[in-house]
Amino acid sequence: MALFGVFQVVFLLALLSLRTYQIEVLSEHLPLTPESLEVSINSTQQRLHLQWRVHTLTYHQELKMVFQIEISRIETSNVIWVENYSTPVKWNQVLHWSWESELPLECATHFVRIRSMVDDAQISELGLWSSWSPWEEVDVQKSLGQGPLFIFPKDKLVEEGSNVTICYVSRSAENNISCYMERIPIHGEQLNPNVFTFSFNNVPFVRVTGTNFYCKRSKHEMSGIILYVSKVLEEPKDFSCETRDLKTLNCTWDSGHDTALSRFPSQSYTLFESFSGKKKLCEHKNWCKWQVAADSQETYNFTLVAENNLRRRRVNIFFNLTHRVRPMNPFNVVLKSIGATNATMTWKVHSIGNYFTLLCQVELHSGGKVIQKHNTSIEVDGQYFLNELEPVTPYATRVRCAAAKHFWKWSEWIHLNFITLEAAPSEAPDVWRNVKSVLGSHIVTLFWKPLSKSHAHGEILFYKVVLENLEKSSSVKLLSIPAPANGTELTLDQCSYRIHVTANNSAGTSPASVIGISRDPGNKTVEEERIQGTEDGFSLSWKAQSGDVIGYVVDWCDYPQEPRCHLQWKKLGPNTTSTVICSDAFRPGVRYNFRIYEISTERIAYLLEKKTGYSQEQAPSKNPQVTIRNLTSHSFTLSWKDYSTDSQSGFIQGYYVYLKPKAEQCHPGFEKAVLSAHVLIRIGVPMILCLVLLMVLCYLMSQWMKDQCYPDIPDPYKSSVLSLIKYKESHHPTIMNVNDCTPDAIEVVNKLEGSKIQFLGARKSLTETELTKPAYLYVLPAENYSGPGPCICFENFTYNQEASDSGSSGHVPVPPKAPPSQLALLTSPENLLKSLEQNYVNSLGESPAGETSLNYVSQLASPMSADKGSLPTNPPERALSSEYRMQMAVTLGLASPSPSENSLSSVTLLDQGEHCR
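Each value, and the rule that gives it
Residues numbered from 1 in each chain as written. Predicted model: local features only at pLDDT ≥ 70, side-chain atom pairs only at ≥ 80, totals over all residues. Heavy atoms only, no water. Helix = DSSP H or I, 4+ residues; strand = E, 2+ residues; numbered from the N terminus. Buried < 20%, exposed > 50% of the residue type's maximum accessible area, 1.4 Å probe, protein only. Contact = heavy atoms within 4.5 Å. Areas by Shrake-Rupley, 256 points an atom, 1.4 Å probe, with all protein chains shown as cover. Pairing = 2+ DSSP bridges. Axes fitted to C-alpha atoms, helices over the stretch in contact; angles between N-to-C directions. Disulfide = S-S within 2.5 Å. Core = buried A, V, L, I, M, F, W, Y, C linked by side-chain atoms within 4.5 Å. Polar contact = N/O pair within 3.5 Å; in protein donor to acceptor, adjacent residues only side chain to side chain. Phe/Tyr/Trp six-rings, centres within 6.5 Å; stacked < 30°, edge-to-face > 60°. Lys NZ or Arg CZ within 6 Å of the ring centre and 35° of its normal. Salt bridge = Lys/Arg side-chain N within 4 Å of Asp/Glu carboxyl O. pLDDT = per-residue confidence, 0-100. Patch = residues over 30% accessible without salt bridge, like charges linked within 9 Å, V, L, I, M, F, W, Y side chains within 5 Å.

Draft legend 1. Region of interest: the overall build of the protein chain. Scanning the protein chain from N- to C-terminus turns up 4 helices and 54 strands. Here the protein chain holds 917 residues, and 42% of them are scored as buried. Residue pairs in contact within the protein chain that sit at least 24 positions apart in sequence constitute 69% of those at least 6 positions apart. Carbon and sulfur atoms make up 52% of the accessible area of the protein chain, which totals about 50900 Å².

Structure below.
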């Protein structure tokens, strides 16, 4: 026991002595100096690589040390970099460190030295640096050779947006070197007599083959490099993994820009799973497959690493396998039992696992739109019934599936197109008729409109027309009209009929449209009412005449001036008594006729009203063709034919006839101005006052003129007008001689409906609209007259146009003489004047078609001064006296033209003398 105690004491003393020796040794050699420093270069990466050892460490000894590294450029005193590098150090360990230079190493001489310091808790004395190692010189220019010009760095690879320094080394002292970057001159900074540097900030990507930099002293001395600028490596985006069969994971991502250049490969991608520790280098840039572990691993933690020559990027994802199931696409998609309004769709899906339920979505498209969308749950096979379809309609259907419990993504759509079958037409044809009675029979023309696609339900093959004689129950006639006919003509006897019209396709027959034809066609005389259309169409209204009606029909022709007028119709309900008729075919200046029928309970149409009008009235396109007949020294007859109804571009109200000398104008033109309200108030009040005053003066003057010139009982010897005539043979006043007067000019003008005339005291005003250009006719005087010839002017004051001048007159040949009997009806001027006044006032409405006449009597009609051979043998004494009469127009019935002439005529009495005014 005592021996064991002695041995223990001796061991402790020996251990303490050894520890003391080690501390003394370490203290004696501290600080530890780096030794065997070696420096190498990497020109491509422009890096200095250092390696060294610490020889003074004992065997198996490990200390934490700090190494301070200094780098100088050109001269040792020009320190450009200082860095402390900490690392654990073992005995005989080779240490490494590298430094990247912004300036190519070939452009300048670099110097490197190193020292160390122990930074370990085992050593009590800390913070003592060792001595510096000797400077290691790095001079690459010595190994460049004898070339005249060198440019560095060679094949430099940088990222877009980096800063780059380029230099050239010249063996000549001359500085006549020019440098260019992509043909753009670059100016550098002199580093020493033979070295120039060029700094570029934020360099751009130019092309995959690199950016060219070159320098030249002459045309024959040139050197250059290629600077490779790549796109910046991006972090992968939208990194996701999913499975379609629980056996394989398919991971996808967005790789962004490709960093590949002509001499450098593209970035690579590596997939690492942390739970299993497996790694896989992906063969593609944006997707990679991973086999699911056989041990039914459900949770995965993937790291995707993107890497190129310059940098590394990584992203992570964590998920449960059963939550990332995207089923495979459905297959064997079939449409069964396709009908006119329904179809059955079936499909199959790939099995994923036991009792794995899928949710499938079915869509139905028509006309580019989704019209139906349905969801259904299945496990193996799917089926869905599509209904509410339209016959003979193309449809597109598609189906896709997804996991029902943990929805992740839908599968791709599987499409299928089909067309439904035909069905019988669902609506009766819209039928109308036109009935004419000819020689004891009815000519019935049937019209119908084609069915719309939504009602035809297929191609219409023919129309079936059934004629049912209501008075002979056994008499039924069947007609088949092939499509695409839209009407037919029937000849029926004078019995009552019921007509059924149906449309037929390959699937069946439409409902029948029924029309009744009465024994009496019902074409009663109905007064035609005038209406005025607008840009929006014709507004029609009517009065219901009976209560037993099932509807109304309005028909018209879109093109009434064509042989086939394109009959149109519009059906209305029994409670409707107004409508607006619109059509793109309506044109200005065309008269449209509308017929309104009421439909009885027996389906028989009865004419109710007629209406006619223009969408927009226009001026007549030409003047009447006027001829002159029965010309004498005191009168002549004008005849013209009325416009036909079809050629009228507006309603003709009447005609104006004016008489004037040939050398004068018919009527001065006038201009219509539209004034604002305040201008009208400012100038209107004074004008009204002046007009009232003028009317009073005119009335007084007219009374004076009447008393002096044409009293109720005229006395030529008391007329003051005759006092103006110079006495020739007698000093007594004589009757005015009008033998040498020139006949007045006559104007015949169409008067459109709506115009008003103020004439002979009648209270009707003239509406200012367009004036048609008058046509002038020259009336030949008597044979013994050598003065200027008269003219006849026809002018339409319904339209606002300037009156025509004499230059537009046209000569109409007339007989130089007329038989004396043609003046016999004018023997009594007093009676003629009364007839003129009465007939003119009563005939201001529209002139009917056919023959129209107008007689004109000169204001000074003196039968005694005319051709005496043409006067009556024994006229009354008072009637033979000279009278001064007022000029007026004569309407129908006053002249007596030949019954065989179908024209408009006018008889005018003129004197050969000058017309006094």
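Draft legend 2. Layout of unusual backbone geometry. Of the consecutive residues F152 and P153, the connecting peptide bond is found in the cis state with omega at 5 degrees. With respect to the element layout, P153 can be found in the loop between β8 (149–152) and β9 (157–159). Its identity is not glycine, yet E182 carries a phi of approximately 50 degrees, on the positive side. If you trace the backbone, E182 turns up in the loop between β11 (178–181) and β12 (184–186). Phi angles above zero are rare outside glycine, and D238 is one such case at about 55 degrees.

Draft legend 3. Structural detail: the sheet that holds strand β10 (residues 164–170). Sheet architecture is open: 4 strands sit in the order β8-β10-β14-β13, paired in antiparallel fashion. If you trace the sheet from one side to the other, it starts and ends with β8 and β13 (189–192), each paired once. Sheet twist, expressed as the mean angle between neighbouring strand axes with direction ignored, is 25 degrees. Sheet analysis places β13 next to strand β14 (residues 195–200), joined by 3 bridges and oriented antiparallel. Looking at the pairing, Q190 lines up with F196 of β14.

Draft legend 4. Focus on the state of the cysteines. Counted under the stated rule, the structure contains 5 disulfides. The disulfide partner of C179 is C215, and the gap between their sulfur atoms is 2.0 Å. Sign of the S-S torsion, about 110 degrees for the bond between C179 and C215, identifies this disulfide as right-handed. In this pair, C179 sits in strand β11 while C215 sits in strand β15 (residues 211–216), placing the two residues 36 residues apart along the sequence. Assigned by exposure class, C179 and C215 land together as buried. Each disulfide pairs two cysteine sulfurs, and for C557 the partner residue is C565, the sulfurs being separated by 2.1 Å.

Draft legend 5. Quick peek at the nonpolar core. Counting 23 residues, the largest nonpolar core has L50, W52, M65, F67 and I69 as the members making the most contacts within it. Only β2 (47–53), β3 (62–73), β5 (95–100) and β6 (110–118) provide two or more residues apiece to this core.

Draft legend 6. Main features of the sheet that holds β12. If you walk across this open sheet you meet the 5 strands as β9-β16-β15-β11-β12, and the pairing is mixed. Of all strands in the sheet, those bounded by a partner on one side alone are β9 and β12. On average, adjacent strands in this sheet sit at an angle of 30 degrees to one another, irrespective of strand direction. Pairing of β11 with β12 involves 3 bridges; the strand directions are antiparallel. Residue pairing in the sheet places Y180 in a bridge with P185 of β12.

Draft legend 7. Spatial organisation of the side chain of Q372. Tracing the backbone shows Q372 in strand β27 (residues 369–378). Here the side chain of Q372 touches H374 through a polar contact of 3.0 Å, side chain to side chain. Within the local environment of Q372, its side chain forms a polar contact with the backbone oxygen of N387, the two atoms lying 2.9 Å apart.

Draft legend 8. Molecular detail of the packing of aromatic side chains. Evaluation of the coordinates by the stated rule reveals 30 aromatic pairs. Ring centres of W81 and W99 lie 6.1 Å apart, and the angle between their planes is 50 degrees; on these two criteria the pair is classed as tilted. Linking W81 in strand β4 (residues 79–90) with W99 in strand β5, this pair joins segments that are 18 residues apart in sequence. On the accessibility criterion, W81 (36% relative accessible area) is partly exposed. Here the aromatic cluster, defined as three or more aromatic residues joined through ring pairs, consists of Y168, F196, F198, F200 and F213. Directly above the aromatic system of Y597 lies the positively charged group of R433, at a separation of 5.1 Å from the ring centroid. Cation over ring: K449 sits above W569, and NZ or CZ is 4.9 Å from the ring centre.

Draft legend 9. Just the pattern of salt bridges, in detail. In the structure shown here, the tally under the stated rule is 25 salt bridges. One salt bridge connects R312 with E307, and the closest N-O pair in it is separated by 2.9 Å. When the shortest N-O distance is used, the salt bridge between D555 and R595 registers 2.9 Å. With D555 in strand β41 (residues 549–557) and R595 in strand β44 (residues 591–600), this residue pair connects regions lying 40 residues apart in the sequence. Taken together, the shared-partner salt bridges connect E242, R244, R326, K409 and E412 into one network.

Draft legend 10. Representation of the side chain of S170. You can see S170 is positioned in strand β10. In terms of polar contacts, S170 uses its side chain to reach the side chain of R217, at 2.9 Å. Apart from residues lying up to four places away in sequence, S170 is in contact with P148, L149, I177, N194 and R217.

Draft legend 11. Representation of the confidence of the model for the protein chain within the structure. Mean pLDDT over the protein chain works out to 76, with 70% of the residues at or above the 70 mark. Note that residues 856–917 has pLDDT below 50 and, in this model, 212 contacts with residues that lie over four places away or in other chains.

Draft legend 12. Structural context of a nonpolar patch on the surface. The grouping of I688, V692, L693, V696, L697, Y699 and L700 at the surface amounts to a nonpolar patch, some 710 Å² of accessible area in total. Tracing the backbone shows V696 in helix α3 (residues 677–709). Assessed through its relative accessible area of 45%, V696 is described here as partly exposed.

Draft legend 13. Region of the structure containing the pairing of strand β45 (residues 605–614). Most of β45 sits inside the fold, with 8 of its 10 residues counted as buried. Examined bridge by bridge, strand β39 (residues 528–532) and β45 share 5 bridges and lie parallel to one another. Looking across to β45, one finds that E528 is bridged to K610. Relative to β45, β44 runs antiparallel, the two being bridged by 9 bridges. Residue E598 lies in a different strand from β45, and its bridge partner there is Y606. Linking two consecutive strands that pair antiparallel, namely β44 and β45, is a turn of 4 residues; a positive phi of about 65 degrees is found at R603 within it.

Draft legend 14. Structural context of the environment of I628. Relative to the elements of secondary structure, I628 occurs in strand β46 (residues 626–629). A relative accessible area of 5% means that I628 is categorised as buried. Measuring from C-alpha to C-alpha, the distance between I628 and W640 comes to 9.1 Å, with 12 residues separating the pair along the chain.

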